[in-house]
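Fold and geometry: a report
Each chain is listed here by its residues.
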Amino acid sequence: MVLKVFFPSCCSSADSGILIGRWISEQNSAVILAVVHFPFIPVQVKQYLGEVQRVTKVSVSVLGSWSNSKQEKEESLSEFLEDLGTIFCHEPWIQISKEGDSKFWSCSTLQKHSKNPQKEEIILVYYDQRKVMLSHMHPSLDTAGQGAEDASKLSAIFDTVARSQVLFMTDRYDEGPIKLTHWQSDGVEASIIVELLKQASVPACMVLTFLLSLLSGICRSRVLKFWPLSFLWSKLSTCEQLGHRLQHLQIISSNKKAQNQNQLMRKANIFMSLLIDVALGILLMSWLYRKNRIGHLADTLIPVADHVAEELQDLLQWLMGAPAGLKMNRALDQVLGRFFLYHIHLWISYIHLLSPFIEMILWYVGLSACLGLTVALCILSDIIALLTFHIYCFYVYGARLYCLKIYGLSSLWRLFRGKKWNMLRQRVDSCSYDLDQLFIGTLLFTILLFLLPTTALYYLVFTLLRLLVVIVQGLIHLLVDLIDSLPLYSLILRLCRSYRLAAGVKFRVLEQQDGKPLRLLMQINPLSYGGVVQTYRLPTYSCYPRDSWASLCKKLFLGELIYPWKHKEDKQN
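Calculation notes
- Residues numbered from 1 in each chain as written.
- Predicted model: local features only at pLDDT ≥ 70, side-chain atom pairs only at ≥ 80, totals over all residues.
- Heavy atoms only, no water.
- Helix = DSSP H or I, 4+ residues; strand = E, 2+ residues; numbered from the N terminus.
- Buried < 20%, exposed > 50% of the residue type's maximum accessible area, 1.4 Å probe, protein only.
- Areas by Shrake-Rupley, 256 points an atom, 1.4 Å probe, with all protein chains shown as cover.
- Salt bridge = Lys/Arg side-chain N within 4 Å of Asp/Glu carboxyl O.
- Pairing = 2+ DSSP bridges.
- Phe/Tyr/Trp six-rings, centres within 6.5 Å; stacked < 30°, edge-to-face > 60°.
- UniProt positions renumbered as here; feature names shortened; annotations may be inferred.
- Axes fitted to C-alpha atoms, helices over the stretch in contact; angles between N-to-C directions.
- Parallel < 35°, antiparallel > 145°, perpendicular 65-115°, else oblique.
- Left-handed = near helix turned anticlockwise from the far one by under 90°.
- Polar contact = N/O pair within 3.5 Å; in protein donor to acceptor, adjacent residues only side chain to side chain.
- Contact = heavy atoms within 4.5 Å.
- Expected span 1.5 Å × (residues − 1).
- Nonpolar A, V, L, I, M, F, W, Y, C, P; charged D, E, K, R; others polar.
- Core = buried A, V, L, I, M, F, W, Y, C linked by side-chain atoms within 4.5 Å.
- pLDDT = per-residue confidence, 0-100.

- Per an unreviewed UniProt entry, the recorded name for the protein is Phosphatidylinositol glycan anchor biosynthesis class Q, and the organism is Catharus ustulatus.

Now the structure itself:
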């Protein structure tokens, strides 16, 4: 039977003493946590371990003895260490000794209370105690069978070291009855900056919580529930993003402690996302207000809008003629063309009416960049939606007219076959029609069929224009979703301290000799960057519905509207 002993590499030069740690009987493994040096009183050691076990909920006990023969001169020390096994009573009693300047160690077990002692093959595994304690083992996403069992065994070892953090809070400068050697025995690791930030975060969180509660009360007021404020709040992407960031601020400022590693990482990722978002927004704001770029942008906006309107007028004039040599229904073509030209004339008048106030509007809109780059991008998307509202109206008119003719033709086609649509049972049933009904249906079918090409051409042109606007807004919202969902803190942690995000371990053979235990070095395999993004990606609220290509093509063919928004409660993970 193989006995695995996980020994911390920081204790390899420790003075002789006893080994304390956790015995995992399911794996036949011993996880050594620290070395207790001489002199000590066994009763005090038992009391100390009982207190540690009560705090950490880890069954910590004395597992064996450690002998550093290079520092000891008494020959009777080894016999004394063996006799300690009768005091602490642990089966098996592990004896590890360092043989002078030799690179090989001796490791054996004693089973004094066993009737049939079996000789066990021992594997000595060294591990970096600091890295193992600070790391978090992530289960593999595609692990199954034996791989899942191995991952659970490693998680038990990592969890043992992480939960024994209280044991590592004593160093050699403490005036206690027990002297330990572990990864912090030379001094407890701490940072003055971190401690100051902890002290300053308490009043800052209290002030932020008060402001957020006040803002949340305003947002939940009845004024915003009345139309059209409720409609604008649910449809404008800027309001969606502000509500999303408000939820993030409430999570960060909450005084509720994180229950596990995932919640802690989520808070850190949200905080880093907000910090970088606001920093990028301030940089954008400083760029906009330098060298009067707001004025130049306002002066450019009106000519661009006029140019777009002129291009649309030229396109409508082309459609009112013989586009691509196609013969259209002239009466319907002229009616539709003049109808859309009149809308363009109204839109140009509306833009020129607002032209004196555009620079002032852009000046105040630019100030919103201090709320974050994502808020500025959402405002840009809403501005594009407002400036292209006439294109959206053209698309709606064309789609409704085209959809009416498509459904009319499909209904009249069922009439020719003696069928009708049953609304109650939601199915097609047989039906008998008289001669007058068939005659009127034939006339209507002929009229709709010959008017369909003219309507379809207008619908096709304005649908392409609408899709162009949707693509531009979609790219903006993809960038917003990327900033909102990217786990920046986890990626920085993976880059700087990769051992903190562990996906597994690998073992490297140090020495192997007959009659001596096999010595391995356990090294942490970090989680891949793709795994970091997949594990810690933040949920987002996308403003656009995620339709499949099949449903999108079906909507375009049938003339159903492709709305530029989705409902607020549809959460995208």
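**Remarks on the overall build of the protein**
- Along its length, the protein carries 16 helices and 13 strands.
- Counting the 573 residues in the protein, one finds 40% classified as buried.
- Only carbon and sulfur atoms are counted for the fraction: they give 63% of the accessible area of the protein, which is about 33,100 Å².

**Here we look at the pattern of salt bridges**
- All chains considered together, the criterion is met by four salt bridges.
- Of the charged contacts, one joins Arg 245 and Asp 277 as a salt bridge, the two residues approaching to 3.1 Å between their closest N and O atoms. You can see Arg 245 sitting in helix H7 (residues 237–253) and its partner Asp 277 sitting in helix H8 (residues 261–288), a full 32 residues away along the chain.
- A relative accessible area of 5% places Arg 245 in the buried class.
- Of the charged contacts in the structure, one is a salt bridge between Arg 245 and Asp 484, with a shortest N-O distance of 2.9 Å. Placement of Arg 245 in helix H7 and of Asp 484 in helix H13 (residues 435–485) is noted, with a sequence separation of 239 residues between them.

**Quick notes on the environment of Pro 39**
- Assignment of secondary structure puts Pro 39 in the loop between strand E3 (29–37) and helix H1 (42–56).
- For Pro 39, a relative accessible area of 72% corresponds to the exposed category.
- Considered as a pair, Pro 39 and Lys 179 are 140 residues apart in the sequence and their alpha carbons are 8.5 Å apart.

**Details of the pairing of strand E1 (residues 2–8)**
- Taking burial as the measure, the seven residues of E1 include five buried ones, the bulk of the element.
- Two elements, E1 and strand E7 (residues 121–127), share seven bridges in a ladder whose sense is parallel. Directly across from Lys 4, in E7, lies its bridge partner Ile 123.
- In the sheet, E1 pairs with E3 via three bridges, with the strands oriented parallel. By the bridge assignment, Phe 6 is partnered in E3 with Val 31.

**Some thoughts on the environment of Lys 555**
- Positionally, Lys 555 belongs in helix H16 (residues 549–558).
- Taking relative accessible area as the criterion, Lys 555 reaches 25% and is therefore assigned partly exposed.
- Along the chain, Lys 555 and Cys 403 lie 152 residues apart, while their C-alpha atoms are 9.8 Å from each other.

**A short note on the packing of aromatic side chains**
- Tallying each qualifying case throughout the model produces 16 aromatic pairs.
- Look at Phe 7 and Tyr 126: their rings are 6.3 Å apart centre to centre, the planes differ by 85°, and that puts the pair in the edge-to-face class. Placement of Phe 7 in strand E1 and of Tyr 126 in strand E7 is noted, with a sequence separation of 119 residues between them.
- By relative accessible area, Phe 7 is classed as buried at 0%.

**Re the UniProt feature "transmembrane region" (unreviewed entry) in the protein**
- Mapped onto this structure's residue numbering, the UniProt feature "transmembrane region" (unreviewed entry) falls at residues 200–219, 270–289, 335–354, 361–388, 394–416, 437–461 and 467–492.
- The annotated region residues 361–388 carries 79% helix and 0% strand content, and the separation between its end C-alpha atoms amounts to 18 Å.
- Split by type, residues 394–416 is 100% helix and 0% strand. Its first and last C-alpha atoms lie 33 Å apart.

**Quick notes on the packing of helix H12 (residues 389–416) against H13**
- It is at 7 Å that the axes of H12 and H13 come closest, and there the two elements cross at 150°. Comparing their axes, H13 and H12 come out roughly antiparallel. The handedness of the crossing between H12 and H13 comes out as left-handed.

**Some details on the side chain of Ser 485**
- Its location among the elements puts Ser 485 in helix H13.
- Here the side chain of Ser 485 touches Asp 481 through a polar contact of 2.6 Å, landing on its backbone oxygen.

**Re the side chain of Asp 429**
- Within the element layout of this structure, Asp 429 appears in strand E11 (residues 427–430).
- On the basis of relative accessibility, which here comes to 16%, the residue Asp 429 falls in the buried class.
- Asp 429 has contacts with Gly 418, Lys 419, Lys 420 and Asn 422, leaving out every residue within four places of it along the chain.

**Focus: H8**
- Over its 28 residues, H8 runs 40 Å from end to end, which matches the ideal 40 Å to within 8%, given 1.5 Å per residue.
- The opening residue of H8, the one whose side-chain oxygen lies 3.3 Å from the backbone nitrogen of Asn 262, is Asn 260.

**Description of the packing of H7 against helix H11 (residues 373–387)**
- Running from N to C, H7 and H11 cross one another at 160°; their axes reach a closest spacing of 8 Å. As judged from the angle between their axes, H7 and H11 are roughly antiparallel. For H7 against H11, the interelement crossing comes out right-handed. Counted together, Ser 237, Thr 238, Gln 241, Leu 242 and Arg 245 of H7 and Thr 374, Val 375, Cys 378, Ile 379, Ser 381 and Asp 382 of H11 form the full contact between these two elements.
- When the residues that make up the contact of H7 with H11 are grouped by side-chain class, the tally is four nonpolar, five polar and two charged.

**Let's talk about the nonpolar core**
- Among the nonpolar cores identified, the biggest contains 39 residues, and Val 45 and Leu 167 are the most heavily contacted of them.
- Residues in contact with Val 45, not counting those within four places in the same chain, are Ile 18, Val 36, Phe 40, Val 62, Phe 88 and Ile 178.
- Among the nonpolar cores identified, the runner-up in size contains 20 residues, and Ala 14, Trp 23, Val 35 and Cys 107 belong to it.

**Quick notes on the confidence of the model for the protein**
- Taken over all residues, the pLDDT of the protein has a mean of 81, while the share at 70 or more is 83%.
- Under a pLDDT of 50 for its full length, residues 566–573 has, in the predicted model, 18 contacts with residues more than four places off or in other chains.

**What about unusual backbone geometry?**
- A positive phi angle, close to 55°, is found at Asn 28, a residue other than glycine.
- Position of Asn 28 relative to the elements: it lies in the loop between strand E2 (17–24) and E3.
- Given a relative accessible area of 8%, Asn 28 falls into the buried group.
- A positive phi is found at Lys 57, a non-glycine position, where the angle reads about 60°.
- Checked against the element boundaries, Lys 57 lands in the loop between H1 and strand E4 (60–68).

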